[in-house]
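Spelled out, the chains give:
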Amino acid sequence: MRDRKPWPADDMILFGGDYNPEQWLDRPDILQEDLRLMQEAGVTAVSLGMFSWSSLEPEEGVFTFDWMERVIDSLHRCGIFVFLATPSGARPRWMARKYPEVLRVQPDGTRNLFGGRHNHCFSSPVYREKTGIINRELAKRFGGHPGVILWHISNEYSGECHCSLCRENFRSWLKQRFESLEELNKAWWTSFWSHTVTDWSHIDPPAPHGEQSLHGLALDWKRFVTHMTVDFMHHEVSALREASSFLPVTTNMMPGCNELYRDPGLDYWKFQDLLDIASWDSYPAWHLPGYRSPYLEDSDVPPDDYRRASEEAFHHDLFRCLGKGRFLLMESTPSIVNWQLRSKIKKPGMIVLAGLHAVSHGSSSVQFFQWRKSRGSSEKFHGAFLGHDAAEADAGPGRSRVFRECCDLGRILGDIKEVSSAAYAAETALLYSWENRWAFENAKDAVNGPAKGFFETLKRHYYALWAQGISMDILSGDEDASVFAGKKLI
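Source: prediction; values computed, not measured. (Residues numbered from 1 in each chain as written. Predicted model: local features only at pLDDT ≥ 70, side-chain atom pairs only at ≥ 80, totals over all residues. Heavy atoms only, no water.)

Turning next to the packing of helix H10 (residues 350-360) against helix H11 (residues 401-415). Close contact between H10 and H11 brings their axes to 8 Å; oriented N to C, the two are set at 30°. On the basis of their axis angle, the class for H10 and H11 is roughly parallel. For the crossing formed where H10 meets H11, the hand is right-handed. Contact with H10, carried on its side by Met350, Ile351, Val352, Gly355, Leu356 and Val359, involves Val402, Glu405, Cys406, Asp408, Leu409, Ile412 and Leu413 of H11 and no other residues of that element. Here the residues of the contact of H10 with H11 sort into ten nonpolar, one polar and two charged. (Axes fitted to C-alpha atoms, helices over the stretch in contact; angles between N-to-C directions. Helix = DSSP H or I, 4+ residues; strand = E, 2+ residues; numbered from the N terminus. Parallel < 35°, antiparallel > 145°, perpendicular 65-115°, else oblique. Left-handed = near helix turned anticlockwise from the far one by under 90°. Contact = heavy atoms within 4.5 Å. Nonpolar A, V, L, I, M, F, W, Y, C, P; charged D, E, K, R; others polar.)

This part is about the pairing of strand S7 (residues 278-281). Of the two faces of S7, the one lined by Ala278 and Trp280 and the one lined by Ser279 and Asp281 are each fully buried. In terms of strand pairing, strand S6 (residues 252-253) meets S7 through two bridges, oriented parallel. Counted as the bridge partner of Met253 is Trp280 from S7. The sheet contact formed by S7 and strand S8 (residues 327-331) spans four bridges and is parallel. By the bridge assignment, Ala278 is partnered in S8 with Phe327. (Buried < 20%, exposed > 50% of the residue type's maximum accessible area, 1.4 Å probe, protein only. Pairing = 2+ DSSP bridges.)

Mapped onto the elements of the fold, Phe381 is located in the loop between strand S9 (363-368) and H11. Each C-alpha atom, one on Phe381 and one on Asn338, is 5.8 Å from the other, the two residues being 43 residues apart in sequence. Excluding residues within four positions of it along the chain, Phe381 makes contact with Ile336, Val337, Asn338, Lys373 and His388.

Our focus in this paragraph is the sheet that holds S7. If you walk across this open sheet you meet the nine strands as S5-S4-S3-S2-S1-S9-S8-S7-S6, and the pairing is parallel. Each having just a single partner strand, strand S5 (249-250) and S6 make up the two edges of the open sheet. Across four bridges, the pairing between strand S1 (residues 14-19) and S9 is parallel. The partner of Phe15 across the bridge, within S9, is Val366.

A cluster of nonpolar side chains, namely Trp189, Phe192 and Trp193, defines an oily patch on the protein surface of about 460 Å² accessible area. As for its position among the elements, Trp193 is in the loop between helix H7 (181-188) and helix H8 (215-242). (Patch = residues over 30% accessible without salt bridge, like charges linked within 9 Å, V, L, I, M, F, W, Y side chains within 5 Å. Areas by Shrake-Rupley, 256 points an atom, 1.4 Å probe, with all protein chains shown as cover. Salt bridge = Lys/Arg side-chain N within 4 Å of Asp/Glu carboxyl O.)

If you check which residues of H7 are buried, you get Leu181, Leu184, Asn185 and Trp188. Viewed end-on, H7 has its buried residues packed into an arc of 95°, placing them on one side of the element. Residues of H7 that are buried make contact with helix H6 (164-178) and H8. Of the residues flanking the end of H7, it is Trp189, one or two places downstream, whose phi is positive at about 55°. (Arc of directions from axis to C-beta.)

With that settled, consider the confidence of the model for the protein chain. Here the protein chain averages 88 in pLDDT, while 87% of its residues score no lower than 70. Here residues 293-299 scores under 50 on pLDDT; set against residues more than four positions off or in separate chains, the count is twelve contacts. (pLDDT = per-residue confidence, 0-100.)

Below, the structure is given as structure tokens:
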């Protein structure tokens, strides 16, 4: 963390995962059983409240926090810490009905209906007002609770909005960036194809039915989306600080760097000044057939799980550096996901191996999504510590292998007494820029088409050193020169 504030992960590896008790408020027996099994598994931290807005504020201005306080108190009595989330990742239905402007607009001008998550406009004054209110209320109620040790800001920030507010904010951002239309036209080279801009109001974001050929416009739109997302996170954190809560903050990030993840469209280096500790969500396609790039000759790179282990190592190193020495593995699955073409359960031993892999690269936690499989809806079949068959709660051999191996991992992590994430020493540094990646992938290329193998090339360089046991930092290239002292740069 920037000021190196002490917190429990300074002398322990935190272990646990996402906990969604609002699904079982009508079953106190299940909530009590959760506490017993968490203690048996060695759970020391859970993320709470990430998607709980409708349970925390069922009507506008009506806050129902008592259930959460009971849960946090119970967890604290059991020695389990809480990463308390702000709920902005999924707004309640009443808000979308009363204030439709909080919903995103697609590039074609169509405003989304209520649904899914991450369906909100970062420019919306109403959405900012409502997130500010609930964040302040949460901070007032729980910011001083001894069991709450970290603010988990929103969830997997991503996406963009094309509403009139966002378009105007984009134009204002461009005015600050270029100062004059003359400079903008030079930078975007708009004289080609007669695309010269003569008025700021004529500028619209890239769209399938509009402008798609200006490379500069495409890059600046991505920079702007990052700017607005960072600004929104700053708004969320400021609301917590206004309520006198100065706990460290994180937000869980997505890699966008393997065959299963799309690019989240954000330059995560721009988040560094807001983060006290970085965190990321890891879902590699363990045990699925290997992926081969059609654009690179990669016969020297092993396929399948060994290659995926190298990709995981890259991400661990990347987010450790984003956190300036500290990071959390915030999400992974202990068994399966429910969104791959073929969702395969982890092989015996893989739960422990993948968890220790993260720790070996400096992670201060191993967290799973999720503690108990959802009762229904989108993620009811996503893997968890506890499945639907309740076998985990049975004594003796009836327990599931997944739960037994989670318990094994919990015991191993509990025995680790020295945490080295803050002092992780890398011999080399690989430079990685999201902006360079966007520029490369967006550029027209009649030979190679839209996929240029940018990240495949990066991974090949990383793998060549990783396979020899050479430790690495992943850096943006914008750091002070002292950061690179004694390192070999790639």
